[in-house]
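Close look at the chain arrangement
As a plain string of letters, each chain reads:
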Amino acid sequence: MDIVKDLLNGSRLALSRTITAIENEYDEAVDIMKELYPHTGHAFVLGITGPPGAGKSTMTDKLARAYRNMGKTVGIIAVDPTSPFSGGAILGDRIRMNSLTLDEGVFIRSMGTRGSLGGLSHKTADAVKALDAFGKDVIFVETVGVGQSEVDIVKAADTTMVVLIPGMGDDIQAIKAGILEIGDVFAINKADHDGADKLQMELNMMLDLDGEMKEWRPPIQKVIASQGEGINELVAQLDKHYSYIKENGVLEQRRHERTRTELMELLNASIGRYITNSIVKTGRLDNYLEDIKSRANDPYTIVRSLLDELLVK
Amino acid sequence: MMEKRIRVLVAKPGLDGHDRGAKVVARALRDAGFEVIYTGLRQTPEQIAEAALQEDVNVVAMSILSGAHPHLFPKVVELVRANGMNDTLIVGGGVIPEGDIPALKEAGIAEVFTPGTPTGNIVEFIKANVK
């Protein structure tokens with residue numbers, strides 16, 4: 001297939017068109033992914049998450065430049081929310097990354113969540129694979145601004161960095177479940193603002209509570225991203241974590257888990273689509289709905305008999 | 001196959017620092033169900049063309065108030081086409097004198113929207129002409 005060949009030969013247009021095919025679920029996307037798959041698995045995938053306005057994009061910009069200075073090529077997937085009402089979106093993460101646009105070693109793609117609720121889009125993982133096959137060394141995945149429970153990033157990334165800022169709540173916030181549980185590395189951005197020390201202390205106390213059980217204690221790095229302060233130290237922490245997970249089998253385990261999740265999701269989605277197609281196209285769905293409405297039948301019996309009919313030989 | 005979603009790059013070429021108009025248009029396009037990639041102020045034509053490529057947009061919509069449109073708009077068209085994006089719809093808006101419009105269209109700007117244009121007209125034009 002030409003688009004795959006072009007992508008593997010370094011065509012940015014082919015890479016871009018591939019991500020579009022993935023996102024829009026074009027028919028050819030499956031064939032493209034099949035051919036790209038053997039070329040994946042080389043990139044370091046770094047997830048960046050945190051609340052809205054924490055400085056994720058600015059930090060991505062600065063970190064990307066640091067990795068470029070080390071001679072690494074960089075891919076960036078930046079996710080912003082899709083409106084549940086209009087289906088439209090304003091994807092504004094590039095505003096913070098304009099200095100990277102003309103660097104040929106960097107490829108940035110914005111994605112809308114398109115109905116996904118976990119902080120990413122359903123197609124983010126496949127877009128990462130396209131960048132990986134293209135040959136990017138480091139791939140940043142920047143989530144939407146998250147609240148407390150959007151933690152899909154851990155399933156997509158090798159290392160997850162949580163960006164926090166001072167002044168967002170008392171220390172009870174820090175022991176709640178959710179994004180504070182997924183950080184491999186914490187960055188306290190806007191560290192020149194009031195409350196940065198307090199936040200660092202609270203995070204430390206939180207981490208101490210589950211400290212003894214874990215081999216890796218997430219480091220906390222203070223940063224002023226807009227001025228580039230603390231970025232080199234942050235890169236060092238990220239590299240340290242990557243070495244740690246590589247040497248201790250954690251990376252392999254995480255990737256195994258990811259492969260398993262992806263396979264199961266693909267399987268479930270395909271089965272769901274197959275069954276939906278078979279009853280929608282034949283018009284049987286409307287009959288079922290009528291039967292359920294008149295209480296002549298119930299949803300549970302219908303699902304059971306459809307599974308028997310369509311899946312069991 | 002899923003329904004294709006129209007992606008629009010809203011860009012501000014040139015040196016004027018006024019993006020209120022661009023933001024109003026971006027918001028209107030969002031409400032029309034488009035994915036709008038906004039890249040901020042003071043973009044060079046090279047940056048705009050490269051962002052259009054990486055984002056694989058269907059439309060590039062530029063706003064300019066500085067008077068540099070006769071130079072910058074055609075330059076963006078040239079660079080976008082040179083990247084192999086032949087179907088991308090390119091439109092412009094802002095403070096553009098009537099007399100300049102024919103030359104811009106000649107250069108490949110599909111439509112020019114001047115001050116006072118209802119945002120609905122821009123949405124309709126994009127829907128009718130996007131490939």
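What you see as residue numbers is a count from 1 along each chain, following the sequence as written. Going through the entries in the order they are written, you letter the chains from A and number the ligands from 1. Local features in this predicted model are restricted to residues of pLDDT 70 or higher, and side-chain atom pairs are both shown and tallied only at a pLDDT of 80 or more, whereas totals for entire chains, interfaces and linings draw on every residue. Side-chain numbers here rest on the full set of heavy atoms in the structure, without hydrogens or water.

1. Examining the layout of surface pockets
Residues and elements named next belong to chain A.
- Roughly 1,400 Å³ of volume is contained in the largest pocket.
- Think of a 1 Å grid over the protein atoms and nothing else: a 1.4 Å probe that fits but is trapped marks a cavity, an open set flanked by protein within 12 Å on at least five of seven lines marks a pocket, and residues with an atom within 4 Å of a point count as lining. Lining the largest pocket are 37 residues, with E25, H122, K123, D126 and L266 positioned closest to its centre.
- Breaking the lining of the largest pocket down by element, the ones donating at least two residues are α2 (12-23), α3 (29-36), α5 (124-134), α6 (153-156) and α10 (250-281).
- Per-element tally for the lining of the largest pocket: the top contributor is α10, with 10 residues.
- Residue polarity is assigned by list, with Asp, Glu, Lys and Arg as charged and Ala, Val, Leu, Ile, Met, Phe, Trp, Tyr, Cys and Pro as nonpolar; anything else, Gly included, falls into the polar class. For the lining of the largest pocket, the per-class residue count stands at 14 nonpolar, 9 polar and 14 charged.
- When residues of the lining of the largest pocket are sorted by domain, at least three fall in each of domain 1 (40-248) and domain 2 (261-312). Grid points are joined across faces, edges and corners, and a volume is the space filled by probe spheres set on the points. To qualify as a helix, a DSSP run of H or I must reach at least 4 residues; to qualify as a strand, a run of E must reach at least 2; elements of each kind are numbered from the N terminus. The split into domains, and so the bounds of each, comes from an automatic or database assignment of domains.

2. As for the side chain of T40 of chain A
Residue and element names in this part refer to chain A.
- Along the chain, the position of T40 falls in the loop between α3 and β1 (44-49).
- Only protein chains enter the accessibility calculation, which uses a 1.4 Å probe; a residue is then buried when its area is under 20% of its type maximum, exposed when over 50%, and partly exposed in between. For T40, a relative accessible area of 16% puts it in the buried group.
- Polar side-chain contacts of T40 include one of 2.7 Å to the backbone oxygen of Y37. Nitrogen and oxygen atoms within 3.5 Å of one another constitute a polar contact, given that in protein one can donate a hydrogen and the other can accept it, and given that sequence-neighbouring residues count only through two side-chain atoms.

3. Thoughts on the interface of chain A and chain B
- By the convention used here, residues are in contact when the closest approach between their heavy atoms is within 4.5 Å. Taken together, the contact between chain A and chain B spans 30 residues of the former and 30 residues of the latter.
- Note on chain A versus chain B: buried area summed over both sides is about 2,700 Å², and carbon and sulfur give 49% of it.
- Per-residue buried area on chain A facing chain B is highest for I90, R94 and R114 of chain A; these three make up 19% of the total on that side.
- Any carboxyl oxygen of Asp or Glu within 4 Å of a side-chain nitrogen of Lys or Arg constitutes a salt bridge here. In this assembly, chain A and chain B are joined by 6 salt bridges.
- R7 of chain B is the salt-bridge partner of E23 of chain A, the closest N and O atoms lying 3.6 Å from each other.
- Counting every contact that joins chain A to chain B gives 22 residue pairs in polar contact (both at pLDDT 80 or more).
- For the side of chain A that touches chain B, the elements supplying multiple residues, two or more each, are α2, β3 (89-91) and β4 (106-112) of chain A.
- Sheet topology note: the β3 of chain A/strand β2 (residues 35-38) of chain B ladder contains 3 bridges and is parallel. Across the sheet, the residue bridging to L91 of chain A is I37 of chain B, located in β2 of chain B. Reported buried area values correspond to the accessible surface (1.4 Å probe) lost by two parts on association, with both partners' losses combined. Strands are treated as partners if at least two bridges between them are detected by DSSP.

4. Let's talk about the UniProt feature "domain: B12-binding" (unreviewed entry) in chain B
- UniProt positions are given in the numbering used here, feature names are shortened, and annotations may be inferred rather than shown by experiment. Per the UniProt record, "domain: B12-binding" (unreviewed entry) is found at residues 5-131 of chain B.
- Its end C-alpha atoms 11 Å apart, residues 5-131 of chain B is made of 43% helix and 19% strand.

5. Observations concerning the domain arrangement of chain A
- Taken domain by domain, chain A holds domain 1 (40-248) and domain 2 (261-312).
- Spacing between the C-alpha centres of domain 1 of chain A and domain 2 of chain A amounts to 39 Å.

6. Observations regarding unusual backbone geometry
All names here are of chain A.
- Phi angles above zero are rare outside glycine, and K190 is one such case at about 55°.
- Phi at R295 is positive, roughly 65°, even though this residue is not glycine.
- Within the secondary structure, R295 is located in the loop between α11 (284-293) and α12 (299-311).

7. A word on a nonpolar patch on the surface
Residues and elements named next belong to chain A.
- A cluster of nonpolar residues, M264, L267, I271, Y274, L311 and V312, forms a patch on the protein surface that exposes about 530 Å² of accessible area.
- Top contributing element to the nonpolar patch by residue count: α10, with 4 residues.
- With respect to the helices and strands, the residue L311 is situated in helix α12.
- With a relative accessible area of 43%, L311 lands in the partly exposed category. Two joining distances apply to patches: 9 Å for like charges and 5 Å for nonpolar side chains (Val, Leu, Ile, Met, Phe, Trp, Tyr), and every residue must have over 30% relative accessible area and no salt bridge. Note on areas: Shrake-Rupley, 1.4 Å probe, and residue coverage restricted to the protein chains presented here.

8. Points about the pairing of strand β2 (residues 74-80) of chain A
Residues and elements named next belong to chain A.
- Counting buried positions over the 7 residues of β2 gives 7, a clear majority of the element.
- Side chains of β2 alternate between two faces, with V74, I76, A78 and D80 and G75, I77 and V79 buried alike.
- Of the strand pairs in this sheet, β2 and β4 are connected by 7 bridges, and their pairing is parallel. From the neighbouring strand, I77 faces β4, where its bridge partner is R109.
- Where β2 meets strand β5 (residues 138-142), 5 bridges bridge the pair, whose relative direction is parallel. Across the sheet, V74 pairs through a bridge with V138, a residue of β5.

9. Some remarks on the side chain of D80 of chain A
- Mapping D80 of chain A onto the fold places it in strand β2.
- Asp and Glu are treated as the negative residues and Lys and Arg as the positive ones, with His and the ends of the chain left uncounted. Although buried, D80 of chain A forms no salt bridge, and the nearest oppositely charged side chain, K56 of chain A, lies 7.2 Å from it.

10. Some remarks on the pairing of β1 of chain A
Residues and elements named next belong to chain A.
- Judged by how many residues are buried, β1 sits mostly within the fold: 6 of 6 residues are covered.
- Side chains F44, L46 and I48 of β1 all project onto a buried face; the interleaved residues V45, G47 and T49 project onto the opposite face, where all are buried too.
- As paired strands, β1 and strand β6 (residues 159-164) are joined by 4 bridges and run parallel to one another. Within β6, the position partnered with G47 by the bridge is T160.

11. Remarks on the packing of aromatic side chains
All names here are of chain B.
- Any two of the Phe, Tyr and Trp rings considered here, Trp counted by its six-membered ring, make a pair once their centres fall within 6.5 Å; the pair's planes then place it as stacked at under 30 degrees, edge-to-face at over 60, or tilted in between. With the rule as written, the count across this model stands at 4 aromatic pairs over all chains.
- Geometrically, the ring pair formed by F113 and F125 is edge-to-face, given 5.8 Å between the ring centres and 75° between the ring planes. Here the residue F113 occupies a position in strand β5 (residues 111-113), and F125 occupies one in helix α5 (residues 119-129), the gap between them amounting to 12 residues.
- Assessed through its relative accessible area of 17%, F125 is described here as buried.

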